[in-house]
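# A look at the structure
The residues making up each chain are set out below.
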Amino acid sequence: MTSAPTVDTEESKAQRIKRARKDFAFFVQYYFPHYCTDPDTGKITPSAQFHVQAANRIKREKNLRGVFKWARGHAKSTTMDVTIPLWLKCQEKREINVMVLVGKSEDSAITLLGDVQAELQFNQRYIRDFGKQVSTGTWQEGHFVTLDDCAFFALGRGQSPRGLRHRSHRPDYIVIDDL
């Protein structure tokens with residue numbers, strides 16, 4: 001995962017957080033360089049404009065029902081399953097309370113959701129700026145709740161999210177990945 005820079009002032013941290021909450025491309029590049037850095041060259045590939053447009057649309061349109069069809073290798077799962085939900089989660093007024101990730105099978109969904117869980121658990125940049133995420137007692141594979149009470153569920157094809165909730169919150173971010 002990512003490591004934190006060694007020199008950081010409260011002012012620079014506040015400015016970075018403010019920018020990250022507005023600028024999805026910056027958010028991805030800063031907090032998730034491991035997803036956008038070529039391992040052979042070390043060159044960072046910035047988010048594509050269609051990633052930024054999708055993230056902004058999802059953030060802006062609260063009841064959006066959409067299909068995002070991108071070519072193979074264009075970071076559909078990374079963007080929709082990991083970076084967008086974590087961007088929505090870190091907003092000043094959190095934009096996500098319950099995420100449901102649906103995969104072709106429950107095992108597939110658990111694996112995909114594991115990427116989100118790993119980022120919340122080990123991404124030191126995200127943790128430093130947005131706080132500790134791991135909640136003792138509710139941190140299991142396929143269903144976990146963060147310290148700030150944001151819930152994540154993995155479901156397989158054919159499993160209904162109907163009736164699914166965490167406390168008073170119903171799912172407000174459902175992504176269906178590669179069915």
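Above this text is the structure in question.
Analysis parameters
Residues numbered from 1 in each chain as written. Predicted model: local features only at pLDDT ≥ 70, side-chain atom pairs only at ≥ 80, totals over all residues. Heavy atoms only, no water. Helix = DSSP H or I, 4+ residues; strand = E, 2+ residues; numbered from the N terminus. Buried < 20%, exposed > 50% of the residue type's maximum accessible area, 1.4 Å probe, protein only. Contact = heavy atoms within 4.5 Å. Areas by Shrake-Rupley, 256 points an atom, 1.4 Å probe, with all protein chains shown as cover. Lys, Arg positive; Asp, Glu negative; His and termini not counted. Charge placed at Lys NZ, Arg CZ, Asp CG, Glu CD. Core = buried A, V, L, I, M, F, W, Y, C linked by side-chain atoms within 4.5 Å.

Secondary structure summary: the protein chain contains seven helices and five strands in total. For the protein chain, the N- to C-terminal ordering of α and β elements is α-α-α-α-α-β-α-α-β-β-β-β. Along the three orthogonal principal directions, the C-alpha set of the protein chain runs to about 45 × 40 × 30 Å. Residues classed as buried in the protein chain amount to 43% of the 179 residues present. Look at the contacts in the protein chain between residues 6 or more apart in sequence, and 67% of them connect residues 24 or more apart. Accessible surface computed for the protein chain: about 10300 Å², of which carbon and sulfur atoms make up 49%. For the protein chain, the distance from the average position of its 27 positive side-chain charges to the average position of its 21 negative side-chain charges is 6 Å.

Quick look at the nonpolar core now. Counting 39 residues, the largest nonpolar core has Phe27, Tyr31, Tyr126 and Tyr173 as the members making the most contacts within it. In contact with Phe27, other than residues within four places in its own chain, are Ala20, Phe32, Thr83, Leu86, Trp87, Cys90, Tyr126 and Phe130. Listed in part, the eight residues of the second largest apolar core include Val102, Val145, Ala151 and Leu164.

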